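Results of the structural survey
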Amino acid sequence: MKRRMNARVVVLETVVAPLYWIILAASVWILLRGHNEPGGGFIGGLVAVGATVLWGAARGPSSARHKLPFGDPVLLAAVGVLASAVSGIPAWFVGASYLTHQSFMLPLGFTELWVSTVMLFDAGVYLCVWGAVSGFGLGLLAIDDDAGDEGADAAAPRARATTKAARRARR
Amino acid sequence: MIWVIALAVWTTLLVGARLAMSRDLFRVVVGLALISSGIVLMLFSSGRVSSAEPAVIAAGEKVLPATAANPLPQALVLTAIVIGFALICFAFILVVRVVRDAETDDAEDLRYAEPAPTHAVEPPASPEGCDPRHPLDEPRTGGHP
Amino acid sequence: MTVPMSMLITSPIFVPLLTAVLATLAYRRPALQRAISFTGILALLACAVALVQFAIEGRPMAVSFGGWEAPFGIEFSVDRLGAIMVLLTALMGLAALVFQIGDPETSPAGEPSKPFVLPLLHGMLVGVGGAFVTADLFNMYVWFEVMLIGVLGLFAAGSRLDQLEAAFKYFVLNVAGTLLLVVAVGAVYAVTGQLNFTALSEAAAFLSPGMALLLLASLGVAFLVKAGAFPLFAWLPAAYHTLPGPVLALVAGLLTKVGVYALLRVFGDVFAPAPEAALGLALEALGWIAAATMLTGVLGAAYHWDMRRILGFHIISQIGYMLLGIALGTEAGNGGTLFYTAHHIIVKANLFFIAAIAWRMTGSYDLRKIGGLANARPLLAIVFAIPALSLVGIPPLSGFWAKLIVLRETLALGHVAWTVVALVVSFLTLYSMMKIWMEAFWKPHPDPSHPLEARGLAPAWCVTIGLALITVLIGLFPDTLAGYCLAAAAEIGGAR
């Protein structure tokens, strides 16, 4: 008998599509809220990881991987670190030390937009956490899938378990 | 309050140390995670437990009220948690791979990098497949069966 | 603070970080990745040279991140000590990258491909560079963790079972070390309310002897784990030898020395004003630990027959000499440690590079299975003899001057026992270098049909010959480096 953690669950597979976007929207809201209130990139990123891992559990890790921006957790995390690292550079041009964050009002005609390098830094943290932790999570799911395939032959794990018990008994 | 935290720190450390000294690889990682939680709690209390007021500057204000908690240990703790989290994530994947490849979760049986000595003076040679594969190896063994 | 200066002080982390990220983004294109990583390491080298130059000129180099001053902000400051360590980091990084060009084990284009070796190498350099320039105790812990993550990635990148096992052991024992460091940092903050080095050294003078001893001991133990000192070095021989050649040389050259640097910074600089009773006791203990480290390391090396493991145990043995210099607690002792560290990084990395060349020519790292190199490649024998004899301490090579400075000061302070141990260890070092010489170079190869040649070794030759030349130059003109090291020691200030 095949016993796999991610055996198909139809309800989850159906519901995961809207849920994915709802969770992502919530994570972005947490990211933006972090500007002046509790929240921010790290926790927002973790929430986004929740969406990705949920997708991975429902429809398989490789599908979740393709659903990420850039289609690859490593690239996503690297872009995040790049954004955070770059956000400290403008400070040099105004004579301040690295990572001294700058902010200014951007006139758009009808209204003004408040732009700051902190936002870029936080977005970078968000992407980095999303990419890195998703990578770990999907990696674990993929290993679990492999183990499931090997475990199709039900005798193998039992043999392994008995040798282990025997080894324990020897001591 | 500080005594409660001290008790919590010691309990976590002891439980963690007990698990970390196990031979089961997963327990070792869980034990290290617990130890690091205990230490994070200790780091948190190193800034004195003084106030329950969060260190957030209220809207419209420019400075932190003097009654607020010390923000520095919180920053340190957050950093330590994030780093610890990344390391534990990595360690779990690593352990899963080790257990899958070595077919054992007993630390005592992990004798690939450091083979057990077989002779009183002569150190043992590396086990099969545990040395870097030399570019010349394949054709040579293939050429002389 | 001028803008370029602010950039320059940030460069030891910023340049490798940017390089690592860009190299990651290019991981599907090996040629581009290699170009990025060479650009990055050359930029780091240029920045490091500028840092050393400015440090010699005595310009103050400090910057607080984000404009937040201590105690909230993190300060980076570079003095002579930090600058030369950054320079050595960049130099070794360059050497490893050049060597890596022809390496079959780590090539990103090879089979199986290793696309993340280069980004991880630069990621590790971020941690190393950060540890050398930070002026904040907690921040130093962060850089140690960055280093740890980078090295673990490098272990796991190989995905051979012994490498995974090594990664696990390395992880467990090193995490125990960093957790001790967090405890120590927490204790320091609880007692003094400071983490910045300058503020800490002002506060250190007012500590009670008991409290100062507690802080020194907890910081000391944590850094001793990182430095690989007796009896806390078990992670090093358990893991190092599984790394591929160029990575091993870089890791073996740099990482334990970051622990030594941290000890030098803490005992010789930050806590130097601590009460004499506490500091004296801590340094005395460190001296005996140093002697035990030298002895156990060299005995381990005498036992082994695998070149990587012999050289790995020699790292431990040499760490003992560096700790001995710190334990003396004088300016000359600290300067000697710095000289020894600089000499050791170059020589040790070079020996690992040569071992990797020998592996590629003879097919194994195990001395029992190889031989015949002296006949087949006399040049390799000469290139091996230079760092090997330098490691032993034969004049006029760099190791002789390094040992001379440290041991003269040890004798001057009347520590006869430590001097005797150090001299005995030198003889035992000679023994294991002779073992490598006799087995790998002198005796014929056990398999007479083995070709004893390898393709694509040109970059490897450049690296080893270049590093051997540096060793010879330091040996012939020791005054330049020694003068710099003593000035660096005077700048941080000895304890006594």
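Look up: the structure comes first, before these words.
A few points on the structure.

What counts as what
Residues numbered from 1 in each chain as written. Chains lettered and ligands numbered in written order. Predicted model: local features only at pLDDT ≥ 70, side-chain atom pairs only at ≥ 80, totals over all residues. Heavy atoms only, no water. Axes fitted to C-alpha atoms, helices over the stretch in contact; angles between N-to-C directions. Helix = DSSP H or I, 4+ residues; strand = E, 2+ residues; numbered from the N terminus. Parallel < 35°, antiparallel > 145°, perpendicular 65-115°, else oblique. Left-handed = near helix turned anticlockwise from the far one by under 90°. Contact = heavy atoms within 4.5 Å. Nonpolar A, V, L, I, M, F, W, Y, C, P; charged D, E, K, R; others polar.

Regarding the packing of helix α5 (residues 137-158) of chain C against helix α10 (residues 245-270) of chain C
Residue and element names in this part refer to chain C. Two elements in contact, α5 and α10, have axes separated by 12 Å at closest approach and are oriented at 160°. Classified by the interaxial angle, the pair formed by α5 and α10 is roughly antiparallel. The handedness of the crossing between α5 and α10 comes out as left-handed. When α5 is examined against α10, the residues M140, F144, M147, V151 and L154 are found in contact with a partner set consisting of V247, L255, V258, G259, Y261 and A262. In the contact of α5 with α10, the residues fall into 10 nonpolar, 1 polar and no charged.

Quick notes on unusual backbone geometry
Glycine aside, residues mostly have negative phi, and peptide bonds are mostly found in the trans state. Each neighbour pair has its own omega, and for C:F230 with C:P231 the value is -5°, a cis peptide bond. For C:P231, the position within the fold is in the loop between α8 (209-227) and α9 (235-239). With an omega of 5°, the peptide bond running from C:P395 to C:P396 counts as cis. Mapped onto the secondary structure, C:P396 falls in the loop between α15 (378-392) and α16 (398-412). With a phi angle near 55°, B:E103 is a residue other than glycine that sits in the positive phi range.

Quick word on the packing of helix α4 (residues 117-133) of chain C against α5(C)
Residues and elements named next belong to chain C. Direction vectors running N to C along α4 and α5 enclose 160°, while the axes themselves pass 8 Å from each other. The orientation of α4 with respect to α5, classified from their angle, is roughly antiparallel. Judged by the twist between their axes, the crossing of α4 over α5 is left-handed. Across the interface between the two elements, V117, L120, L121, G123, M124, V126, G127, V128, G130 and A131 from α4 touch M140, W143, V146, M147, G150, V151, G153, L154 and A157 from α5. Counted by class, the contact of α4 with α5 contains 14 nonpolar, 5 polar and no charged residues.

Take it as geometry only, folks, not as evidence of what the structure does.
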